[in-house]
Protein chains: 4
Amino acid sequence: MTAVVPNIHSVRELAERYNTWGKWGADDQLGALNHVTPEKVRASASLVRKGRVFSLALPLDETGPQTGSFGRYNPLHHMLWDGGDIVAGAQDHIQEVRYTDDAAYIVLQSSTQWDALAHIFHDGKMYNGLGPEHVTSRGAAKNGIINTRDRMVGRGVLLDIARWKGKTWLEPGEAIQDTDLEACARAQGVEVGEGDFVLVRTGQIAERRHLGSWGDYAAGPAPGLGISSADFFCPRDVAAVITDTWGAEVQPNETPDVFQPLHIILIVNAGILLGEIWDLEELADDCAEDGVYEFQLVAPPLTITGAVGSPVNPQAIK
Amino acid sequence: MTAVVPNIHSVRELAERYNTWGKWGADDQLGALNHVTPEKVRASASLVRKGRVFSLALPLDETGPQTGSFGRYNPLHHMLWDGGDIVAGAQDHIQEVRYTDDAAYIVLQSSTQWDALAHIFHDGKMYNGLGPEHVTSRGAAKNGIINTRDRMVGRGVLLDIARWKGKTWLEPGEAIQDTDLEACARAQGVEVGEGDFVLVRTGQIAERRHLGSWGDYAAGPAPGLGISSADFFCPRDVAAVITDTWGAEVQPNETPDVFQPLHIILIVNAGILLGEIWDLEELADDCAEDGVYEFQLVAPPLTITGAVGSPVNPQAIK
Amino acid sequence: MTAVVPNIHSVRELAERYNTWGKWGADDQLGALNHVTPEKVRASASLVRKGRVFSLALPLDETGPQTGSFGRYNPLHHMLWDGGDIVAGAQDHIQEVRYTDDAAYIVLQSSTQWDALAHIFHDGKMYNGLGPEHVTSRGAAKNGIINTRDRMVGRGVLLDIARWKGKTWLEPGEAIQDTDLEACARAQGVEVGEGDFVLVRTGQIAERRHLGSWGDYAAGPAPGLGISSADFFCPRDVAAVITDTWGAEVQPNETPDVFQPLHIILIVNAGILLGEIWDLEELADDCAEDGVYEFQLVAPPLTITGAVGSPVNPQAIK
Amino acid sequence: MTAVVPNIHSVRELAERYNTWGKWGADDQLGALNHVTPEKVRASASLVRKGRVFSLALPLDETGPQTGSFGRYNPLHHMLWDGGDIVAGAQDHIQEVRYTDDAAYIVLQSSTQWDALAHIFHDGKMYNGLGPEHVTSRGAAKNGIINTRDRMVGRGVLLDIARWKGKTWLEPGEAIQDTDLEACARAQGVEVGEGDFVLVRTGQIAERRHLGSWGDYAAGPAPGLGISSADFFCPRDVAAVITDTWGAEVQPNETPDVFQPLHIILIVNAGILLGEIWDLEELADDCAEDGVYEFQLVAPPLTITGAVGSPVNPQAIK
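First, a word on what this report is: a plain description of the structure on this page. These figures come from a predicted structure and were not determined experimentally. (Residues numbered from 1 in each chain as written. Chains lettered and ligands numbered in written order. Predicted model: local features only at pLDDT ≥ 70, side-chain atom pairs only at ≥ 80, totals over all residues. Heavy atoms only, no water.)

## Remarks on the relation of the copies chain B and chain D
Here is step 1 of the chain: Its rotation angle being 180°, the transformation that places chain B on chain D also includes 0.0 Å of axial translation and leaves an RMSD of 0.0 Å. The symmetry that links the two subunits is that of a two-fold axis. Looking at the rotation axis and the C-alpha trace of chain B, the residue lying nearest is Thr67(B), at 4.2 Å.
Here is step 2 of the chain: Here 100% of the contact residues of chain B are again contact residues in chain D; the copies associate through an equivalent surface. (Least-squares fit on C-alpha atoms with pLDDT ≥ 70 in both. Contact = heavy atoms within 4.5 Å.)

## What to know about the packing of aromatic side chains
All names here are of chain A.
Here is step 1 of the chain: This structure, assessed with the given rule, holds 24 aromatic pairs over all chains.
Here is step 2 of the chain: Measuring from ring centre to ring centre gives 5.5 Å for Phe 232 and Phe 233, while their planes differ by 80°; the resulting arrangement is edge-to-face. Taken as a pair, Phe 232 and Phe 233 share a single burial class, namely buried.
Here is step 3 of the chain: Site record: aromatic cluster; members linked through ring pairs are Trp 114, Phe 197 and Trp 278. (Phe/Tyr/Trp six-rings, centres within 6.5 Å; stacked < 30°, edge-to-face > 60°. Buried < 20%, exposed > 50% of the residue type's maximum accessible area, 1.4 Å probe, protein only.)

## Some remarks on the interface of chain B and chain D
Here is step 1 of the chain: Counting residues at the interface gives 17 residues for chain B and 17 residues for chain D.
Here is step 2 of the chain: Across the interface of chain B and chain D, roughly 1600 Å² is buried in total on both sides, 55% from carbon and sulfur atoms.
Here is step 3 of the chain: It is Tyr73(B), Ser137(B) and Arg138(B) in chain B that bury the most area against chain D; as a group they hold 34% of the surface buried on that side.
Here is step 4 of the chain: Viewed at the interface, chain D and chain B are joined by 7 residue pairs in polar contact (both at pLDDT 80 or more). (Buried area = accessible area lost by both parts, 1.4 Å probe. Polar contact = N/O pair within 3.5 Å; in protein donor to acceptor, adjacent residues only side chain to side chain.)

## Description of the relation of the copies chain A and chain B
Here is step 1 of the chain: Each copy of the sequence occupies a distinct position, and chain A is placed on chain B by a rotation of 180° and an axial shift of 0.0 Å, giving an RMSD of 0.0 Å.
Here is step 2 of the chain: A symmetric contact is evident, with 100% of the interface residues of chain A recurring at the interface of chain B.

## Quick word on the sheet that holds strand β17 (residues 315-317) of chain D
Residues and elements named next belong to chain D.
Here is step 1 of the chain: Pairing is mixed across the open sheet formed by 9 strands, whose spatial order is β1-β17-β15-β9-β11-β13-β14-β5-β16. Here the strands that pair on one side only, and so sit at the sheet edges, are β1 (53-55) and β16 (309-311). The average undirected angle you get between the axes of adjacent strands in this sheet is 25°.
Here is step 2 of the chain: Bridge analysis of strand β5 (residues 113-115) against strand β14 (residues 273-276) gives 2 bridges, and the strand direction is antiparallel. Bridge pairing in β14 places Trp 114 opposite Gly 275. (Pairing = 2+ DSSP bridges. Helix = DSSP H or I, 4+ residues; strand = E, 2+ residues; numbered from the N terminus. Axes fitted to C-alpha atoms, helices over the stretch in contact; angles between N-to-C directions.)

## Re the pattern of salt bridges
Residues and elements named next belong to chain A.
Here is step 1 of the chain: One pass over the structure, following the stated rule, counts 100 salt bridges over all chains.
Here is step 2 of the chain: In this structure, Glu 294 engages Arg 155 in a salt bridge whose closest nitrogen and oxygen atoms are separated by 2.8 Å. Placement of Glu 294 in strand β15 (residues 294-298) and of Arg 155 in strand β9 (residues 153-160) is noted, with a sequence separation of 139 residues between them. We note that Glu 294, like Arg 155, is buried.
Here is step 3 of the chain: Look at the salt bridges and you will find they share partners, linking Lys 50, Arg 52, Glu 282, Asp 286, Asp 290 and Lys 318 into a network. (Salt bridge = Lys/Arg side-chain N within 4 Å of Asp/Glu carboxyl O.)

## So, helix α5 (residues 178-188) of chain B
Here is step 1 of the chain: Listed in full, the buried residues belonging to α5(B) are Asp178(B), Asp180(B), Leu181(B), Ala183(B), Cys184(B), Ala185(B) and Gln188(B).
Here is step 2 of the chain: Against β9 (153-160), α4 (161-164), β10 (175-176), β11 (197-201), β12 (224-225) and α7 (230-233) of chain B lie the buried residues of α5(B).

## Digging into the side chain of Asn253(B)
Residues and elements named next belong to chain B.
Here is step 1 of the chain: Mapped onto the elements of the fold, Asn 253 is located in the loop between β13 (240-243) and α8 (261-270).
Here is step 2 of the chain: A polar contact is formed between the side chain of Asn 253 and the backbone oxygen of Val 250, at a distance of 3.0 Å.
Here is step 3 of the chain: If we skip the residues at most four places from it in the chain, Asn 253 touches Val 258, Phe 259, Gln 260 and Pro 261.

## Concerning the interface of chain A and chain B
Here is step 1 of the chain: Contact with chain A, which involves 83 residues of that partner, is made by 84 residues of chain B.
Here is step 2 of the chain: Carbon and sulfur atoms supply 57% of the area that chain A and chain B bury against each other, a total of about 6700 Å² over both sides.
Here is step 3 of the chain: Linking chain A with chain B are 4 salt bridges, by the criterion used here.
Here is step 4 of the chain: Across the pair Arg12(A) and Glu96(B) runs a salt bridge, and its minimum N-O distance is 3.8 Å.
Here is step 5 of the chain: Between chain A and chain B we count 41 residue pairs in polar contact (both at pLDDT 80 or more) in total.
Here is step 6 of the chain: A per-element tally of the side of chain A that touches chain B places strand β4 (residues 101-107) of chain A first, with 7 residues.
Here is step 7 of the chain: Partitioning the side of chain A that touches chain B into residue classes produces 44 nonpolar, 22 polar and 17 charged.
Here is step 8 of the chain: Here 5 bridges tie β4(A) to strand β4 (residues 101-107) of chain B, and the two strands are oriented antiparallel to one another. Directly across from Ala104(A), in β4(B), lies its bridge partner Ile106(B). (Nonpolar A, V, L, I, M, F, W, Y, C, P; charged D, E, K, R; others polar.)

## What about the pairing of strand β14 (residues 273-276) of chain B?
Regular strands place side chains that alternate from one sheet face to the opposite one.
Residues and elements named next belong to chain B.
Here is step 1 of the chain: By the alternation rule, side chains of β14 split into Leu 273 and Gly 275 and Leu 274 and Glu 276, which are all buried.
Here is step 2 of the chain: The sheet contact formed by β13 and β14 spans 3 bridges and is parallel. Looking at the pairing, Ile 242 lines up with Gly 275 of β14.

## A short note on the pairing of strand β13 (residues 240-243) of chain D
Residues and elements named next belong to chain D.
Here is step 1 of the chain: Side chains Ala 240 and Ile 242 of β13 all project onto a buried face; the interleaved residues Val 241 and Thr 243 project onto the opposite face, where all are buried too.
Here is step 2 of the chain: Relative to β13, strand β11 (residues 197-201) is paired through 4 bridges, and the arrangement is parallel. In the sheet register, Leu 199 faces β13, and the bridge partner there is Ile 242.
Here is step 3 of the chain: In this fold, the crossover linking β13 to β14 by way of helix α8 (residues 261-270) has right-handed handedness. (Right-handed = clockwise from strand over helix to strand, strands pointing away.)

## What about the state of the cysteines?
Here is step 1 of the chain: Across all of its chains, the model carries 0 disulfides over all chains by this definition.
Here is step 2 of the chain: The structure places no disulfide on Cys234(B), whose sulfur is separated from the nearest cysteine sulfur, that of Cys184(B), by 18 Å. (Disulfide = S-S within 2.5 Å.)

## Points about the sheet that holds strand β4 (residues 101-107) of chain C
Here is step 1 of the chain: Ordered in space as β2(C)-β4(C)-β4(D)-β2(D), the 4 strands form an open sheet in which the pairing is antiparallel. Single-partner strands in this sheet number two, and they are β2 (76-81) of chain C together with β2 (76-81) of chain D. Looking at each pair of strands side by side, their axes are set apart by 15° on average, direction ignored.
Here is step 2 of the chain: Note: β2(D) against strand β4 (residues 101-107) of chain D, 5 bridges, orientation antiparallel. Counterpart to Met79(D) in the pairing with β4(D) is Asp102(D).

## Section: the environment of Leu266(C)
All names here are of chain C.
Here is step 1 of the chain: Mapped onto the elements of the fold, Leu 266 is located in helix α8 (residues 261-270).
Here is step 2 of the chain: Taking the C-alpha atoms as reference, Leu 266 lies 16 Å from Glu 254; in sequence the two are 12 residues apart.
Here is step 3 of the chain: Those residues within four positions of Leu 266 in sequence are excluded, and the remaining contacts are Ala 230, Phe 233, Cys 234, Val 241, Gly 271, Ile 272 and Leu 274.

## Quick word on unusual backbone geometry
Here is step 1 of the chain: Residue Pro252(A) is bonded to the preceding Gln251(A) through a cis peptide linkage, with omega at 0°.
Here is step 2 of the chain: By the secondary structure assignment, Pro252(A) is in the loop between β13 (240-243) and α8 (261-270).
Here is step 3 of the chain: For Asn143(C), which is not glycine, the phi torsion reads 60° and is therefore positive.
Here is step 4 of the chain: Looking at where Asn143(C) falls in the secondary structure, it is placed in the loop between β8 (139-140) and β9 (153-160).
Here is step 5 of the chain: Residue Asn143(C) is classed as buried on the basis of its relative accessible area of 1%.
Here is step 6 of the chain: Phi angles above zero are rare outside glycine, and Asn128(D) is one such case at about 70°.
Here is step 7 of the chain: A relative accessible area of 11% means that Asn128(D) is categorised as buried.

## Things to note about helix α5 (residues 178-188) of chain C
Here is step 1 of the chain: Buried-residue contacts for α5(C) involve β9, α4 (161-164), β10 (175-176), β11 (197-201), β12 (224-225) and α7 (230-233) of chain C.
Here is step 2 of the chain: Just downstream of α5(C), Gly189(C) is the residue with a positive phi angle, here 75°.

## Re the side chain of Asn74(C)
Residue and element names in this part refer to chain C.
Here is step 1 of the chain: Structurally, Asn 74 can be placed in the loop between β1 (53-55) and β2.
Here is step 2 of the chain: Take Asn 74: its relative accessible area is 6%, and that puts it in the buried class.
Here is step 3 of the chain: Polar side-chain contacts of Asn 74 include one of 3.0 Å to the backbone oxygen of Gly 64.
Here is step 4 of the chain: Within the structure, Asn 74 has its side chain in polar contact with the backbone nitrogen of Gln 66 (distance 2.9 Å).
Here is step 5 of the chain: Other than its neighbours up to four places away in sequence, Asn 74 contacts Asp 61, Glu 62, Gly 64, Pro 65 and Gln 66.

## Examining the environment of Met152(C)
Residues and elements named next belong to chain C.
Here is step 1 of the chain: Considering the arrangement of structural elements, one finds Met 152 in the loop between β8 and β9.
Here is step 2 of the chain: On the basis of relative accessible area, Met 152 is assigned to the buried category, the value being 0%.
Here is step 3 of the chain: Note: C-alpha distance between Met 152 and Asn 269 (117 residues apart in sequence) is 20 Å.
Here is step 4 of the chain: In contact with Met 152, not counting residues within four places along its chain, are Leu 33, Trp 114, Phe 197, Leu 273, Leu 297, Val 298, Ala 299, Pro 300 and Pro 301.

This is the structure in structure tokens:
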């Protein structure tokens, strides 16, 4: 951190410092998930001590945070067959059994989600130096979320920044810096290391529940990560960074001339996946109670070919 | 099993024998998942020995098995923003960063999936005796898949029936009976017990890959479970039953007067969830190689409120 | 009209008085559109005098009036192939020609629309006495909009109530009664008769344009028809009634114990179709200018089988 | 026509000969629809003699011709509220009235349709010399179908090629040349002139009905227009060309090195809109019966902003 206002030059410097293009080969589409070795997977399972499972997903329905702006809508759920059809006799040609069926239209990043490496570009490139011609209307031919289909298993570490600061939640605009992350981890008695999935809690979901309305949660001002957080995450070789806000980063951004600068540093350059809109409230309460901030995390994306993000129902298993 | 052709009476007898309505209270919406206690979750994590993760999901795209019949289509994936837009300058109003975004229309049971307890009715009732008025065009108010959001974690056991029979795959119409399941488990040296997620492999996905076409895989003739399989699953208090076919059951069904009789016995009466169209090929090869047929299974559904099924990317972790 | 507050009894009385069930046979699914005979079609064409065409549809896009409440969203438009794909070379396997393609998800009554006769029920019945079992998740087997596929052609008459009252627009809550309709027609020098499509302008779309926001236009307070308007429309044997508001009727309704009472009288009982959210502004200006309030109206619905409504781009041809 | 096989050079020659870029101004987005003057609209109404209306649209449902190839699916129709919900009491909070509601997902060119001028590119340009940057994932900023919202009204002329040739239908691969169009018009006693909407019947829809299956109708071999037809349409200044096949042109195309060459000549260069998959059967029977091959045509597109095509329920009024 420095006293001067960070800008595109600060971002480029961090991006260059933590760039991993080519590190795992020219064809790599996994980025920092390469840090999650079988040994890490095995070790993460040993963190399951009391057999309690936490679902970190919001309900995927009309009560979600989206408003339609930026073309992002809450999910639309439709019944193809329902109980009324059964009553009306519409399935009476079937012998004995009756069934219901349904479909949903889901904007893939409208709720609890993973960003794929193909989600972000800077200077005409996404992770590993690939150009925009790889993401057409047919989807992402490279760096799609489907590459991670069996890679979202490992050690999760919760850094409950709000609680560590003695707050119920951070305020919109409140930035989380590398020094905050370090101090919080130390206070919680947990180390963050290679291949970890780091979950950073701001408490904004709790705030909006308290307010009784999402308001401008989706795409509005938010507490979140400052760009110095890269100095915490990247040297530690973490696998992924997750928050309980729409865009992981503090909003308004610290950089007046760059929108979502950490996306450029982490996703495009370091190849670190971001998870957003994860509901960390129940998990955080449990961690505060038993003092254990590490757990097995299993957060598999849908296997939609070409998708640049995915809804996810992450499982934190303690 | 008996020599006579089973019919609705056989089905009713099994349904009554294994009915669990009320067992976990009048308000229960979990059924046999109640068998998965924290202790079971804890124990399942201890099965992770080599840190290898298997994704058991088919790609969720236009190459899927659906044909549109029964209103079931393969997923439609749409880009809201793609690389071409970036090239065309459509995001030049954003400072530095560029992004892609997407959406999908998914028939929830079109590919690798969970059936919810609200998916099946018989004699006007679903699990726990609830009527069709609980599943309207707004979705399932009861027994929806969302209830299982943090319950799909436990011990998985693969019963590779095809391999046990010395076949590459079973043929359509080939039924798997309780005695087959017992003998296969014994031959594999694995026990099936309370709270287990039992994965039964017929090899039909391998067959269709070999043929180079799904053909009538979705809703057509299939190898699968006979109704006597209930005598294997129910007394053992399993949590869920999963197959690599569209509908779990042998097709044509053994019962000329009942369509999908095991759905009536297992889902409606026993409250046992079914998983369908799971791709067990890679996992089965590994199990055959190391002789270990048990593993941690984490298969969280999407949290779509009111949904009667869910796509899933199941993770088998060995 | 009467001084007492109208209620369900007033509604039932009007409904019974103007009920047409059986009038055109037990199998009829057209209702008052039966009044539009070939002779009426022929005569309506003779109203085309200056060859000017007015499209009465709002743009079908994200700027529409819906907010998502009641499950009604503005249309979602997706490109399946766009210019960026062409630039990226995604169609270079095609010889010479390049193309774009698209799809849309449309809530059928979200914008300028026709209500089908299957849209409204009262006392368990829709038009011609048919029960709810005819409208399942598979759509309306009876009284669907597709029946009108070649019947939406005839004489249109605009009754510009706002202008006749000397106002730019009527206020929410301002009711239009039978006497208003009569006086307005007389003042405009136009007669309303058998088989006519009557377009009633409140000016609410102009108001919301002036305000710069739809606000609560969709499903909120609105100027509109009072139930006495049935005494104007029904004896004259009109074919359809159209307004520039979301629900045709004055909101709040005059009847404290009946929501949308005129829908019960006109659609369910009289079999008169309603058109809603039609943009009458440009047409009204022209009528005021040339003093001609009649024209050929051609407003064909989409031919969606089973649909209970349809978006429409109505053409008023003068 | 010439004896040599036409190729890209033949196409370029015709494209250049009939190019109209700039003819109606650099900002024009209507092309040949500019020929439809108010006088033409007025005159077309005078063709209504017996008051009979023909809907030329196929049902928009799962029975349509699409198979999912090229990402084109038949429409998906979903009920948001249906009769079963009413029976189940799901609307009992509403006073007296009950309603049904629905939505549809429509690939805009999956059935009876208009191609927009933004639908086709050649050599990096669409009509009036505009580049692909005008059609992003947000839709067509130029040459979209919405520009024609009030322009699809005029004189329709049916050229029933199949009947004129004494056939029930033309065979796939059978080309219709300029001389055929001329001879057919002469035989039918009808002239084709400025601003006309010309409907060319091959009978392929009748053939597929006879066969009981669409087979490869969508995107497969088809009878249709040869490139010489441009010599018929363009000098006559027609407004639009319509057929009863998926792509208007004979398939396989006459040009081994150009796919859909007439799209390049007519849409991109001449600015003539194409209508496809119009059901001309009932209309053709009527024209054969009364010998009248001209009529008023009213075929308004949906007003979807940015769309590059539109479903349409065309009305031929005689």
